[in-house]
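Structure at a glance
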Amino acid sequence: MKPSQPKIAAKNVQVFYGDTHAIKDVSVEIEDKTVTAFIGPSGCGKSTFLRCLNRMNDTIESCRVEGDIRLDGGDIYDKRVDPVQLRAKVGMVFQKPNPFPKSIYDNVAYGPRIHGLAKSKAELDEIVEKSLRRGAIWNEVKDRLDAPGTGLSGGQQQRLCIARAIATQPEVLLMDEPCSALDPIATAQVEELIDELRERFSVIIVTHSMQQAARVSQKTAFFHLGNLVEYGETGQIFTNPTDPRTESYITGRIG
Amino acid sequence: MSEQHIISAFDRDLEEIQAHIMSMGGLVEDAIRNAAKSLETRDEELAQQVRKSDKAIDELEDLINEETARLIALRAPTASDLRLVLSVLKVSGNLERIGDYAKNIAKRTTVLVETAEVSGSAVALRRMAREVRSMLHDALDAYIQRDAAKAEEVIERDEEVDQMYNGLFRELLTHMAEDPRSISACMHLHFIAKNIERMGDHVTAVAEQAIYLVTGQRPTEARPKADKTSQTI
């Protein structure tokens, strides 16, 4: 059952913020068409590691990334790789919904436009509709595509951001606590969406909700103090984790 | 896991269901002891008492079921907490069954006191019941102390109980062949022996839960099957 090649292979990754050693020798293989959850207490490095996967850390002056991260076998930190192109392939959704101060349509059309994915207006319309449909928000916004994205409710904004992220047809979607600002219904809608996205992409989600990790992911990675402590099948992690630190964390003990 | 939860009420809930298991275990041990004693001393009054006290065991099982369901709903236990909650459900079920067997022994005792004594069987049944009660005690200790090695020992001891049962089976057959007037009593005694043998199986299941709780795995070795009477002619 094991796929021949991992979607993302990280080897001996180290991250430093100035003198702070934030990620300590992390190696992990992320499978394609799988939801992988990164869990761990605040400051454990899970978001930092996530941001390495589409070079979002490049934008932080003091941040230094070492080691080897490969997407489909290609080194993403290679000098010839354009980070903007990389981020079209490895999309990202953030904790706080952050639609552009533009119309709903333009929010989604922005990525395909700058990457030249549509040759005509009709083609662009199609991409926008398809993305909004996949983002499970089409029915709610189809009659007001010209309305500002910022006018939507929090849950709708987040689904709009997901639609925006998938409009460039990424291969990997990184989600950094995508539901922490959402109510349970919007959360359930996003989780349902994540499950559907898995058919096409590899999804990596950082979450503080253990139950969410258990609900949406097939693989779970537990980070602690910059180390990847345990990585395995989600069912196993939540019934019989190997490392006592994982056990302490997921059962809500001081550890 | 000796560490405490950040939410201390979670610890209290888990301790409570385990405390219920221990009181249930205490009641079941008493039931085995008194059922065996009533049989040996032909004490009808004590037998009646065993029959009545089974109600308290059943009520504790209901209480454990309710509290476990509540705990799962409210606390969403994971990892060793989840295994504890699942094992509590199973262990309480096993204890309830053992209680029923004790009750059945008491019921048969009230009939047996009306018949002539079958020599020898009382001593053997007492030994068998004592062994099962001691195994239950150790299995519950192993469970509460998270002692997988001790639980393994209990599982091995079940073979002894099975052998005692085999011995009694043959002995009772001989009695019945020699003196057909003893058949009625011997049949009851045989069911009592079978009840105790079944108790041993449930005790083994409790010990297996102790191992599951500690290791997250069911014991792998096929446990000894020493009850050969189903193949005996």
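Residues numbered from 1 in each chain as written. Chains lettered and ligands numbered in written order. Predicted model: local features only at pLDDT ≥ 70, side-chain atom pairs only at ≥ 80, totals over all residues. Heavy atoms only, no water.

1. Some details on the overall build of chain B
- Per the secondary structure count, chain B includes six helices and zero strands.
- Expected size for 233 residues packed as a compact globule is a radius of gyration near 17 Å; at 19 Å, chain B falls within 12% of this value.
- If you line up chain B on its principal axes, its C-alpha atoms span 70 × 40 × 20 Å.
- Within chain B, contacts between residues at least 6 apart in sequence are counted, and of these 85% link residues at least 24 apart.
- A total of about 11300 Å² of accessible surface is found on chain B, and carbon and sulfur atoms cover 51% of it.
- Across chain B, 30 positive and 42 negative side-chain charges occur, with their mean positions spaced 3 Å apart. (Helix = DSSP H or I, 4+ residues; strand = E, 2+ residues; numbered from the N terminus. Rg over C-alpha atoms; globule rule 2.2 N^0.38 Å. Contact = heavy atoms within 4.5 Å. Areas by Shrake-Rupley, 256 points an atom, 1.4 Å probe, with all protein chains shown as cover. Lys, Arg positive; Asp, Glu negative; His and termini not counted. Charge placed at Lys NZ, Arg CZ, Asp CG, Glu CD.)

2. Focus: the packing of helix H1 (residues 8-41) of chain B against helix H4 (residues 121-145) of chain B
Residue and element names in this part refer to chain B.
- Two elements in contact, H1 and H4, have axes whose closest approach is 9 Å; the angle formed by their N-to-C orientations is 175°. By the angle class used here, H1 and H4 are roughly antiparallel. Here H1 contributes Gln 18, Ile 21, Met 22, Gly 25, Val 28, Glu 29, Ile 32, Arg 33, Ala 36, Leu 39 and Glu 40 to the contact with H4, which in turn contributes Ala 122, Leu 125, Arg 126, Ala 129, Val 132, Arg 133, Leu 136, His 137, Leu 140, Tyr 143 and Ile 144. (Axes fitted to C-alpha atoms, helices over the stretch in contact; angles between N-to-C directions. Parallel < 35°, antiparallel > 145°, perpendicular 65-115°, else oblique.)

3. Some remarks on the side chain of Glu 31 of chain A
- Secondary-structure assignment places Glu 31 of chain A in the loop between strand S2 (20-30) and strand S3 (35-39).
- Here Lys 219 of chain A takes part through its side chain, which lies 2.9 Å from a polar atom of the side chain of Glu 31 of chain A. (Polar contact = N/O pair within 3.5 Å; in protein donor to acceptor, adjacent residues only side chain to side chain.)

4. Observations regarding the interface of chain A and chain B
- Residue-level contacts link 14 residues of chain A with 16 residues of chain B.
- Summed over both partners, the interface of chain A with chain B comes to about 1200 Å²; 47% of that surface belongs to carbon and sulfur atoms.
- For the pair chain A and chain B, the number of links is one salt bridge.
- Residue Arg 253 of chain A is joined to Asp 81 of chain B by a salt bridge in which the shortest nitrogen-to-oxygen separation is 2.9 Å.
- Inspection of the chain A/chain B interface yields twelve residue pairs in polar contact (both at pLDDT 80 or more).
- In terms of residue class, the side of chain A that touches chain B is made up of five nonpolar, seven polar and two charged. (Buried area = accessible area lost by both parts, 1.4 Å probe. Salt bridge = Lys/Arg side-chain N within 4 Å of Asp/Glu carboxyl O. Nonpolar A, V, L, I, M, F, W, Y, C, P; charged D, E, K, R; others polar.)

5. Description of the UniProt feature "coiled-coil region" (unreviewed entry) in chain B
- This chain's UniProt record puts "coiled-coil region" (unreviewed entry) on residues 43-70 of chain B.
- Between the end C-alpha atoms of residues 43-70 of chain B the distance is 42 Å, and the span holds 96% helix and 0% strand. (UniProt positions renumbered as here; feature names shortened; annotations may be inferred.)

6. Brief notes about the sheet that holds strand S1 (residues 8-17) of chain A
Residue and element names in this part refer to chain A.
- Within the open sheet, the four strands sit side by side as S2-S1-S4-S5. Their pairing is antiparallel. Two strands in the sheet have a free side with no partner beyond their single neighbour: S2 and strand S5 (74-75).
- Pairing of strand S4 (residues 63-71) with S5, which is carried by two bridges, proceeds in the antiparallel orientation. Bridge pairing links Arg 70 to Asp 75 in S5. (Pairing = 2+ DSSP bridges.)

7. So, the sheet that holds S3 of chain A
Residues and elements named next belong to chain A.
- The six strands lie next to each other as S6-S7-S8-S3-S9-S10, forming an open sheet whose pairing is mixed. Of all the strands in the sheet, the pair left with one neighbour each is strand S6 (90-93) and strand S10 (227-233). Each adjacent strand pair in this sheet contributes to an overall mean axis angle of 20°, direction not counted.
- Where strand S9 (residues 219-224) meets S10, six bridges bridge the pair, whose relative direction is antiparallel. When the sheet's bridge partners are listed, Ala 221 is paired in S10 with Tyr 231.
- Each of S6 and strand S7 (172-176) is contacted by helix H6 (residues 154-166), which is oriented at about 170° to S6, the strand it contacts most.
- Across the sheet, helix H7 (residues 184-197) touches S3, S7 and strand S8 (202-206), and the angle it forms with S8 is around 145°.

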